[in-house]
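Here are the chains, one letter per residue:
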Amino acid sequence: MVGRPPETEIVIRAKRGDADAYEALLRMHEHIAFRTAYAIVGSAADAEEVTQEAFVKAYNALPRFRTGSPFRPWLLRIVANEARNRRRTLGRRAHLLSRAADEAASGDPARSPEAELVDAERRDELFAALARLKDDERTAIVARYFIGLSDEETAAALGVRRGAVKMRVHRALEHLRQELGVVDA
Amino acid sequence: MRELEQRLEAAAPYYEFPATPELAGVARARLPERRPRSRTRLALAFAVALALVAGAVLALSPGARSGVADLLDRVPGIHIERQLSLPVTRFNDPPYYGTPIDLEEARARFGRPLRFPAHLGKPDRVYVREDRPGQMITAIFGGDERRAKLVFSQWKTGGPTLFYKVIVGNSTAEFTNVGSNIGIWIHGYEHGVWYFAPGSAGGPHDEHWRAEGYLAGNVLAWRVGDVVFRLEADVTKERALELARSLGES
């Protein structure tokens with residue numbers, strides 16, 4: 001059976017200037033890279049531009065990438081740096097107000113329409129509170145809980161060292177609790 | 001799980017991200033042309049990197065040289081210089097010793113009798129570096145993967161400089177006699193060592209070599225005939241000399 005070559009193999013080929021290999025690498029990570037950029041800049045158009053710019057920069061920086069290291073955190077760090085620069089340039093607060101989906105996922109026959117309505121209201125309340133957080137705190141929550149980034153990748157998104165991630169997420173959660181009036185034991 | 005985290009996890013599927021646009025293909029169309037590196041270019045890059053390291057070591061703070069501390073090339077393969085501070089660099093721990101090799105195979109390949117201090121027993125690990133003329137065999141005694149208790153290297157003279165050493169602060173470097181041979185004893189809390197190492201996943205054929213540094217412990221280096229020996233361990237000078245004088249063939 002011939003499967004997809006391991007990522008390290010693709011990285012080695014890309015480092016040698018193989019554009020096909022580099023495109024394959026990007027395809028593996030473009031979705032999460034775009035979402036990370038969006039979590040920082042807060043606009044789809046800006047996130048698209050930022051991600052593309054970062055992909056080109058990453059290609060130029062590829063000879064310095066340490067072969068054998070995980071590629072995704074490295075790529076996300078470049079994307080996040082680019083996104084933070086863009087956010088600073090724009091000089092505006094990112095708008096991340098998200099709405100609950102128009103059609104709440106159903107499929108649970110035990111749940112009444114009333115219960116689903118309550119859930120949707122609670123989600124709206126949560127997203128609204130999230131939108132009121134500072135940019136970095138919101139990015140920490142979105143990166144960790146909504147995109148599902150690892151510690152290392154969250155560190156890349158926040159532009160901090162890995163050891164500081166826990167503290168950042170903790171602080172963001174505290175402020176979100178205050179916004180929502182949640183008292184966790 | 002606490003309430004807020006539960007709410008976040010439950011809300012995650014409903015958080016609206018815009019659809020991911022076509023990115024990889026568009027980025028690819030914008031990529032600059034990059035030719036694969038040829039062997040000539042690789043050799044040139046290697047030479048430039050070597051010159052940069054040497055330059056950094058020699059020129060980092062020219063006014064800071066102590067005047068008498070430039071112990072240039074008295075032991076082949078090692079260049080030593082005193083500076084006020086260590087150049088800012090990436091320090092690797094553990095350093096790159098080469099490719100792991102069986103002791104018997106190392107013995108067969110070295111082309112000279114391999115020699116080790118007496119009473120140390122068999123080394124725990126043996127490495128070979130064949131990427132540079134002179135070929136270096138390194139034996140590790142004790143310690144763990146990150147920090148060896150005693151590192152013993154030997155290489156043939158006639159090759160290029162293998163180690164660029166920078167000593168700072170309370171560290172000292174002095175000439176000493178090892179039997180009838182001249183040696184250098186480097187002692188102190190730290191000295192920086194620069195050497196060439198391949199990329200992490202590569203070997204001698206990996207194209208991305210780089211200069212790396214690490215902080216070494218006390219070191220005694222000396223030459224016997226056309227072979228240089230280097231012993232690194234947290235030992236006194238007397239003990240290092242004792243080990244050096246006990247050198248036998250294994």
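No experiment lies behind these values; they were computed from the predicted model shown.

## Quick notes on the overall build of chain A
When its secondary structure is counted, chain A shows eight helices and zero strands. From first element to last, N terminus to C terminus, chain A shows the α and β order α-α-α-α-α-α-α-α. The proportion of buried residues among the 185 residues of chain A is 39%.

## Focus: the nonpolar core
A:Ala37, A:Leu75, A:Val79, A:Ile141 and A:Ala157 are the most contacted members of the largest nonpolar core, which totals 54 residues. With 10 residues, the single largest contributor to this core is helix α2 (residues 19-41) of chain A. Taken together, domain 1 (7-90) and domain 2 (113-180) of chain A each give at least three residues to this core, which thus spans both. What A:Val79 contacts, discounting residues up to four positions off in sequence, is A:Ala33, A:Thr36, A:Ala37, A:Val50, A:Thr51 and A:Ala54. Core analysis: the next-biggest nonpolar cluster, separate from the first, contains 30 residues, B:Ala106, B:Val151, B:Leu220 and B:Leu241 among them.

## Considerations on the confidence of the model for chain A
All names here are of chain A. For chain A, mean pLDDT is 81; residues scoring 70 or higher make up 82% of the total. Considering each helix and strand of chain A separately, the mean pLDDT is smallest for helix α5 (residues 113-131), with a value of 82, and largest for helix α3 (residues 44-61), with 93. Scored below 50 in pLDDT, residues 92-109 makes 25 contacts in the model with residues more than four places away or belonging to other chains.

## Section: the packing of helix α1 (residues 7-15) of chain A against α2(A)
When two helices pack together, their arrangement is captured by the angle between the axes and the distance separating the axes. All names here are of chain A. Remark: α1 packs on α2, axes separated minimally by 7 Å, with the N-to-C direction vectors making an angle of 135 degrees. One finds that α1 runs oblique with respect to α2. The two elements α1 and α2 cross, and the hand of that crossing is left-handed. Taken together, the residues of α2 that come into contact with α1 (itself represented by Ile-10, Val-11, Arg-13 and Ala-14) are Ala-21, Tyr-22, Ala-24 and Leu-25.

## Observations concerning the interface of chain B and chain A
Taken together, the contact between chain B and chain A spans 32 residues of the former and 41 residues of the latter. Of all the secondary-structure elements, those providing two or more residues to the side of chain B that touches chain A are α1 (3-11) and α2 (24-29) of chain B. Tallied by class, the residues present in the side of chain B that touches chain A amount to 17 nonpolar, six polar and nine charged.

Definitions and limits used
- Residues numbered from 1 in each chain as written.
- Chains lettered and ligands numbered in written order.
- Predicted model: local features only at pLDDT ≥ 70, side-chain atom pairs only at ≥ 80, totals over all residues.
- Helix = DSSP H or I, 4+ residues; strand = E, 2+ residues; numbered from the N terminus.
- Buried ≥ 20, exposed ≤ 12 C-beta atoms within 10 Å, placed from the backbone.
- Core = buried A, V, L, I, M, F, W, Y, C linked by C-beta atoms within 7 Å.
- Domains from an automatic or database assignment.
- Contact = placed C-beta atoms within 7 Å.
- pLDDT = per-residue confidence, 0-100.
- Axes fitted to C-alpha atoms, helices over the stretch in contact; angles between N-to-C directions.
- Parallel < 35°, antiparallel > 145°, perpendicular 65-115°, else oblique.
- Left-handed = near helix turned anticlockwise from the far one by under 90°.
- Nonpolar A, V, L, I, M, F, W, Y, C, P; charged D, E, K, R; others polar.

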